[in-house]
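Notes for the structure review
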Amino acid sequence: MKKPGQNLLALTLPLLGIYAASPALAQDTGAPPGPNVSLLEEVVVTARRREELLQDVPISMTVFNQRQLDNANVVNSADLATYTPSLSVNQRFGAVNSSFAIRGFTQELRTTASVGTYFAEVVAPRGTNAQTSGDGAGPGSFFDLENVQVLKGPQGTLFGRNTTGGAVLITPKRPTEEFEGYVEGSVGNFDMYRTQGVLNVPLSDRVRVRAGFDQQKRDGILNNITNIGPNDLADVNYVSGRLSMSVDITDSLQNYTVATYTNSNTNSQPSTLVACNDGTGPTALLGFLYVPHCNAQLQRQQATGQNDFYDVASTVPEAGVKIEQWQVINHTDWEINDELLIRNIFSYANLETTNASDLFGTNFIIPGGERVFATTGVRPGLPTTSQETVVEELQLQGSSFDDRLTWQAGLYYEHSEPDGNTGQQSPGQIDCDLATLNTKNANDFRCASIFLLSNVLLTEQGVEYDNQAVYSQATYDISDQLSVTGGARYTWDDTKGTSKDTRYEFATSNTLQAPIAVVDLGEADMKQKSDKPTWIADLSYKPTVDNLLYVKYARGYRQGSVNPAGEHTPSPSGERIDIHGPEKVDTYEIGSKNTFSGRFPGVFNIAMFYNDFRDQQLQQGILTSNGTGSTAIVNAGKSRIWGVEVEGNVNLTDNIQFGLAYTYLNTEVLELEDVSALVASTGATPAALSTSEGEELPYSPKNQLVANVRYLLPVPADYGDIDLGATYVYFSDQLAVSETVSPMYELDGYDLVNFNVNWNAIGGSAFDGSLFVTNAFDEEYEVYRSGLWGVAGFETGMTGLPRMFGARVRYNFGAAN
């Protein structure tokens, strides 16, 4: 167990400060502050779908500007969560496919997202529910941005997709009226190099265009000890492009279009084997079969002569995770008059992913030959995800009674469907020639059974989503100090799924053979409909222009869905466990936002919240009636979540700024419904639920802390502007899996320290330079635990990033100079 402060002494080193990698409250104005300019700037946010000052919005939120994201090397969802208290991620399928969680509302496998991610006000395109993909912020999302806003708590009234945890808003920079841009290059350890460029051109008084690209490549942090497939894993390799155009059609009619494209192609990120079950207790059979081979792999990892913490065993010859996404978003604003605006938002997106990974990182060599115990999730010939998503939203915004009443209302439609066949392949507890598993013809597989349940399961599946909603929200200023807000939304969700499974069975033998049986498990169709109202009500009071007090009540809702990989046989009464219903949460929050002037100007924000979480969507392990291991999603939980969030920045002097963000989160599962009888009635065999009564919710650390300090060197103006910074990050111990499924249920706490030096307008030139290091003391920490101890006889986990360092140079031209 790690206590906070083990690396905190680093913050006392001289001339250290932070301008990056923090939950910042400072808005990047585009030009570095001069020696006599306050380091605190007003921050404009769009948390309520209109521009407002951060300190005037009754929402607990964290905001990052582009420079902060750059200095923290944020390139995906997992990176962002490191520096945002209350925000965490599930990295079961690697950092590039991680999904957000806020205040303990995590996304279970085969459920929809619990946190909505929005780019340019449009929700992220959906992915498959067989593995985590889509629904988030992938590589290439975090460049040329106005800001990133993390909204905490249900935001289901104004934003498109109802979610229980909150929302992450990614706002790209729009074209400006100035000719400007930059080119940038970065280099670092692990042979990292990154290039960026942005060009903004006003074509006329009414037409403006902005184009940009971002490309990064970095070797993997994991060492593959098997000599099968890539030698380094968990790498970075993406390219992203963006093109936007703003057109003032008339003085009252504006059109904004942004098109994005991202292509990421990495070597995958398998788990690391961390422990072996000794075969005692209820898993004696699995332990007896596997523990000698499991221990042998641990010894091979430790014998590499390298750092075994980053040694893994990948057994996929062509391991890789490919993500290709393109999207076009269009905003049309028609200002009818000073009191009424009509806005239309349309988007089309296409997402395709392929995940060929050794998810569990096991290389158990079986006697009788150099064969491998394979538990990989690959499906040659078919992508993991191939999904297209259309979003259409019509919105009205207005004001009345001398602007004392501001309101908005809208209609929302979203449709997402498969763009071709998708599938996965699941070899289970079987000895195979892995090269044959990468052939497109399953009859060419060459395997040998280990025991009764050995087989290779091939699945083709798809899910179609249809979401519609109507909503309205209004704020009325009762006086200059007191205002009230009310909003409501009604959502209709319709989900359909299809699944076709084929099982390939093999003989128990010392030689690898062709399948002895091919079992067609048939096709299944699933449907789930849900509709619910959500709402929000808050009261805000401003005793002075610099202080805001608010109290809020909100209802959040996450839709029900289908599970193509589950048990498809209904019970005698017609109940099914391949569909699940919606979950809901009631959130109560009280908060305060304060701005201070005087000798020590700054801001201090605090929020206290309580969540009543019901009909919780939970994973139920099962053995299907067809003899394959799988997961059902059941509405079986009731939990409570309460906590405190604090954020603040203060100018200690004209040149020194200190910032701190802290979250205390207390979660508990209050009640669980016993669904074993329901599972058994479908012909499946129930295993364990993903949680137990009295436990904390997974990936919800009780304490998260981010502290930072920034020092602006007092140098002559013609030298440029030099600032130095440091960030300290602390995560306390957190539950990863239920105590009932693994004795290694908890991830140890950890702390990280980052340093950076920025020199803008070097010697009065158009060049900026930066030096940066993240995880400066090379902390070894885990971010995921699989919970396989009981069901497979071993335990695996995923490692966090080691020390990263590098340098960055930017050349600014035009108005950006």
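Each residue is numbered by its place in its chain's sequence as written, counting from 1. At least 70 in pLDDT is required for a residue's local features to be given in this predicted model, at least 80 for side-chain atom pairs to be given and counted, and no such filter applies to totals for whole chains, interfaces and linings, which use all residues. To get the side-chain values, take all heavy atoms of the structure and skip hydrogens and water.

Considering the overall build of the protein
A helix here means a DSSP run of H or I that spans at least four residues, while a strand means a run of E at least two residues long, and both kinds are numbered starting from the N terminus. Each helix and strand in the protein was counted, giving 6 helices and 47 strands. Type-normalised accessible area, obtained with a 1.4 Å probe on protein chains alone, sets the label of each residue: buried when under 20%, exposed when over 50%, and partly exposed for intermediate values. Here the protein holds 817 residues, and the buried ones make up 61% of them. In the protein, of all internal contacts separated by at least 6 residues, the share reaching a separation of at least 24 is 71%. Areas reported as accessible are Shrake-Rupley estimates using a 1.4 Å probe. Residue values count occlusion only from the protein chains shown. Taken as a whole, the protein presents about 29900 Å² of accessible surface, with 55% of it coming from carbon and sulfur. By definition, residues are in contact when any of their heavy atoms lie within 4.5 Å.

Section: the packing of aromatic side chains
Between rings of Phe, Tyr and Trp, where Trp is taken as its six-membered ring, a pair exists when centres lie within 6.5 Å; planes separated by under 30 degrees are stacked, by over 60 edge-to-face, and by other angles tilted. As enumerated under the stated definition, the model contains 16 aromatic pairs in all. Consider the rings of Phe179 and Phe813, whose centres lie 5.8 Å apart with planes at 45 degrees: the pair is tilted. In this pair, Phe179 sits in the loop between β9 (166-172) and β10 (180-188) while Phe813 sits in strand β47 (residues 804-814), placing the two residues 634 residues apart along the sequence. Their ring planes at 50 degrees and their centres at 4.9 Å tell us that Tyr490 and Trp492 sit as a pair that is tilted. With a relative accessible area of 27%, Tyr490 lands in the partly exposed category. One aromatic cluster in this structure is built from Phe179, Phe767, Tyr811 and Phe813.

Focus on the pattern of salt bridges
The salt bridge criterion pairs a side-chain nitrogen of Lys or Arg with a carboxyl oxygen of Asp or Glu, the two atoms within 4 Å. Across all of its chains, the model carries 29 salt bridges by this definition. Arg49 serves as the salt-bridge partner of Glu393, at 3.2 Å between the closest nitrogen and oxygen. With Glu393 in strand β23 (residues 385-400) and Arg49 in the loop between β1 (44-45) and β2 (52-53), this residue pair connects regions lying 344 residues apart in the sequence. The residues Glu393 and Arg49 share a single accessibility class, namely buried. Its salt-bridge partner being Arg206, residue Asp251 comes within 3.1 Å of it at the nearest N-O pair. Of the two residues, Asp251 sits in the loop between β15 (236-248) and β16 (253-266) while Arg206 sits in the loop between β11 (192-202) and β12 (207-218), which places them 45 residues apart along the sequence. With a relative accessible area of 36%, Arg206 lands in the partly exposed category. Within this structure, Arg49, Glu121, Asp333, Arg343 and Glu393 form a network of salt bridges that share partners.

What to know about the sheet that holds strand β3 (residues 61-64)
Criterion used throughout: strands pair if DSSP finds at least two bridges between them. In space, the 5 strands of this open sheet follow the order β3-β8-β9-β6-β7, with mixed pairing throughout. If you trace the sheet from one side to the other, it starts and ends with β3 and β7 (122-123), each paired once. As judged from the 5 bridges shared by strand β6 (residues 115-119) and β9, these two strands associate in the parallel manner. By the bridge assignment, Gly116 is partnered in β9 with Ala167.

Some details on empty space enclosed by the protein
Space inside and on the surface of the protein is sampled on a 1 Å grid over the protein atoms alone, with a cavity defined as a set of points where a 1.4 Å probe fits but cannot get out and a pocket as an open set with protein on both sides within 12 Å along at least 5 of 7 lines; lining residues have an atom within 4 Å of a point. Grid points are joined across faces, edges and corners, and a volume is the space filled by probe spheres set on the points. Following the criterion strictly, the structure yields 12 cavities of 30 Å³ or more and no others. When its volume is computed, the second largest cavity comes out at roughly 410 Å³. Lining the second largest cavity are 29 residues, and of these Gly136, Ala137, Gly138, Ser141 and Gln325 lie nearest its centre. Contributing elements (two or more residues each) for the lining of the second largest cavity: β6, β15, β16, β19 (320-337) and β20 (340-356). Under the grouping applied here, Gly and all other residues not named as nonpolar or charged are polar, the nonpolar ones being Ala, Val, Leu, Ile, Met, Phe, Trp, Tyr, Cys and Pro and the charged ones Asp, Glu, Lys and Arg. A breakdown of the residues in the lining of the second largest cavity according to their chemical character gives 11 nonpolar, 16 polar and 2 charged.

Some words on the nonpolar core
When a protein is soluble and globular, its nonpolar side chains tend to lie buried together. Grouping buried Ala, Val, Leu, Ile, Met, Phe, Trp, Tyr and Cys residues that are joined through side-chain atoms within 4.5 Å yields what is termed a nonpolar core. Core analysis: the biggest nonpolar cluster contains 59 residues, and Leu80, Phe142 and Val168 have the highest contact counts within it. Ranked by size, the runner-up nonpolar core spans 13 residues in total, among them Leu273, Cys276, Val291 and Phe360.

Focus on the side chain of Ser186
Along the chain, Ser186 falls in strand β10. You can call Ser186 buried: its relative accessible area is 5%.

Quick look at the environment of Val783
Within the fold, Val783 resides in strand β45 (residues 782-785). Taking relative accessible area as the criterion, Val783 reaches 12% and is therefore assigned buried. Along the chain, Val783 and Tyr699 lie 84 residues apart, while their C-alpha atoms are 8.7 Å from each other. Among all residues touching Val783, those that are not within four sequence positions of it are Gln91, Tyr699, Leu747, Met798, Thr799 and Gly800.

Considerations on the pairing of β19
Here β16 pairs with β19 via 14 bridges, running antiparallel. What sits directly across from Thr262, in β19, is Gln325. Bridge count between β19 and β20: 17 bridges; the pairing is antiparallel. What sits directly across from Gln327, in β20, is Ala349.

Some words on the environment of Asn147
Structurally, Asn147 is set in strand β8 (residues 145-152). Classification of Asn147 as buried rests on a relative accessible area of 3%. Sequence separation between Asn147 and Thr171 is 24 residues; the distance between their C-alpha atoms is 5.6 Å.

Remarks on the pairing of strand β36 (residues 629-651)
β36 sits mainly inside the fold: 17 of its 23 residues count as buried. Note: strand β35 (residues 602-623) against β36, 20 bridges, orientation antiparallel. Directly across from Asn611, in β36, lies its bridge partner Ile641. One ladder, built from 15 bridges, connects β36 with strand β37 (residues 656-672); its direction is antiparallel.

Remarks on the confidence of the model for the protein
Averaged over every residue, the pLDDT of the protein is 86; the share at 70 or more is 89%. Low pLDDT (under 50) marks residues 2-39, which in the prediction has 138 contacts with non-local residues, meaning those over four places away or in another chain. Every residue is assigned a pLDDT by the predictor, reflecting its confidence on a scale from 0 to 100. Predicted confidence for residues 281-285 stays below pLDDT 50, and this span has 4 contacts to residues more than four positions away or in other chains.

Structural notes on a negative patch on the surface
Exposure above 30% relative accessible area and the lack of any salt bridge qualify a residue for a patch; like charges then connect within 9 Å, and the nonpolar side chains Val, Leu, Ile, Met, Phe, Trp and Tyr within 5 Å. Only four residue types enter the tally: Lys and Arg on the positive side, Asp and Glu on the negative side; His and the chain ends are excluded. Here the site of a charge means NZ on Lys, CZ on Arg, CG on Asp, or CD on Glu. On the surface, a cluster of negative charge is made up of Glu335, Asp338, Glu339, Asp402 and Asp403. Tracing the sequence through the fold places Asp338 in the loop between β19 and β20. We classify Asp338 as exposed; its relative accessible area is 73%.

Structural notes on unusual backbone geometry
The backbone of Ala120 sits at a positive phi, close to 55 degrees, despite the residue not being glycine. Within the element layout of this structure, Ala120 appears in the loop between β6 and β7. Positive phi is not limited to glycine here, since Asp778 has a value of about 55 degrees.

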